[in-house]
Amino acid sequence: MNNILTIDGPSGVGKGTVARLMAQKLGWNLLDSGAIYRAFALVVFDSGVDIADEAALAEVASKFDLSFKTEAGSELVSVFLAGKEVSKNLRTEKVGEMASKIATIGSVRSALLKRQRGFAQVPGLVADGRDMGTVVFDKAPFKVFLTASADERAKRRLKQLQAQGTAGIISQILEDVQRRDERDRFRKNSPLIPAEDALTIDTTDISIDEVIEKVSELVTKTKA
Ligand code: DC
């Protein structure tokens, strides 16, 4: 399957929004790979498996019962663990932090690889995460890497929280964003780096519409 657009970047950069809008525009499937890491983090909390026990973690990662459901005609994806909906439990900072920790372990990443590649279905796929263009879909023809200053990303996170009716403190959010960046960028396994053939877009001072325009241009230009 050759219709794959990868969108990688650090936390809070707006990957999820760009991926959703591009999937809508192209009529392609959507993979939020962070949701897989976050769902696995929930399983780790619930199962009480020791996060220092890599073999046990990899075993759980290869077996846990995860499914996604997309509402017909919308890009809203619901996430289920063992048939129970957990979509609303995934987005907390506690879960993001645990996801980032277990994501450093190579055997866990390998165990989650097949699930992610399974999303590459016709007519196409838009996949967002940290290593979509470098590892999971390294042969994808369309690759984007989004960046924005840490201050701007913290501001966007705060807005997102406020829209959900949750309070947040900007200095705390900035600290969380920077800590997670550091771990995701400097880990040994599949670190957050742009693929050599990715188009990097700094989104600090541009609108979401402008980002969509640049990504759409890349897809059209590369296809032509
Ligand atoms: O994109 P996110 O914030 O939902 O991801 C949560 C964590 O999961 C992130 O800090 C690192 C990890 N992750 C990863 O290592 N590789 C991916 N492709 C997606 C997420």
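Here, the structure is the one placed above.
Residues numbered from 1 in each chain as written. Predicted model: local features only at pLDDT ≥ 70, side-chain atom pairs only at ≥ 80, totals over all residues. Heavy atoms only, no water.

Participant: Explain the packing of helix α1 (residues 15-26) against helix α9 (residues 208-223) here, please?
Facilitator: The packing of two helices is summarised by the inter-axis angle and the distance between the axes. Contact pair α1 / α9: the axes reach a minimum separation of 10 Å and the direction vectors enclose 55 degrees. Of the possible angle classes, the one that applies to α1 and α9 is oblique. When the axes of α1 and α9 are compared, the crossing they make is right-handed. Here T17, V18, L21, M22, K25 and L26 of α1 lie close against α9, whose contacting residues are I208, V211, I212, V215, S216 and V219. (Axes fitted to C-alpha atoms, helices over the stretch in contact; angles between N-to-C directions. Helix = DSSP H or I, 4+ residues; strand = E, 2+ residues; numbered from the N terminus. Parallel < 35°, antiparallel > 145°, perpendicular 65-115°, else oblique. Left-handed = near helix turned anticlockwise from the far one by under 90°. Contact = heavy atoms within 4.5 Å.)

Participant: Help me understand the site of the ligand, please; the structure alone is not making it clear to me.
Facilitator: What surrounds the ligand is a group of 17 residues, the closest being R38, R109, R130, R180 and R187. In this structure, D131 approaches the ligand through a side-chain N or O atom, which is 2.9 Å from a nitrogen atom. Taking R187, its side chain carries an N or O atom lying 2.8 Å from an oxygen atom of the ligand. Taken by itself the ligand offers 440 Å² of open surface, and the protein chains cover 98% of this. By residue number, the principal contributor to the shell around the ligand is helix α2 (residues 33-47), which donates four residues. Among the residues making up the shell around the ligand, the classes are represented as four nonpolar, four polar and nine charged. (Near = heavy atom within 4 Å. Polar contact = N/O pair within 3.5 Å; in protein donor to acceptor, adjacent residues only side chain to side chain. Areas by Shrake-Rupley, 256 points an atom, 1.4 Å probe, with all protein chains shown as cover. Nonpolar A, V, L, I, M, F, W, Y, C, P; charged D, E, K, R; others polar.)

Participant: Honestly, the pattern of salt bridges in this entry has me stumped. Any pointers?
Facilitator: If charged atoms from side chains of opposite charge come close, those side chains can pair. Inspection of every chain in the model, using the stated rule, returns 14 salt bridges. Close ionic contact of K63 with E59 constitutes a salt bridge, the shortest N to O distance being 2.4 Å. Placement of the pair is K63 and E59 together in helix α3 (residues 54-63), with a separation of four residues, close to one helical turn. Under the relative-accessibility criterion, K63 is labelled exposed at 58%. Note that E152 is salt-bridged to R156, the shortest N-O span being 3.1 Å. Pair noted here: E152 and R156 are both in helix α7 (residues 150-163), with a separation of four residues, about one helical turn. The partly exposed category is assigned to R156, whose relative accessible area is 24%. (Salt bridge = Lys/Arg side-chain N within 4 Å of Asp/Glu carboxyl O. Buried < 20%, exposed > 50% of the residue type's maximum accessible area, 1.4 Å probe, protein only.)

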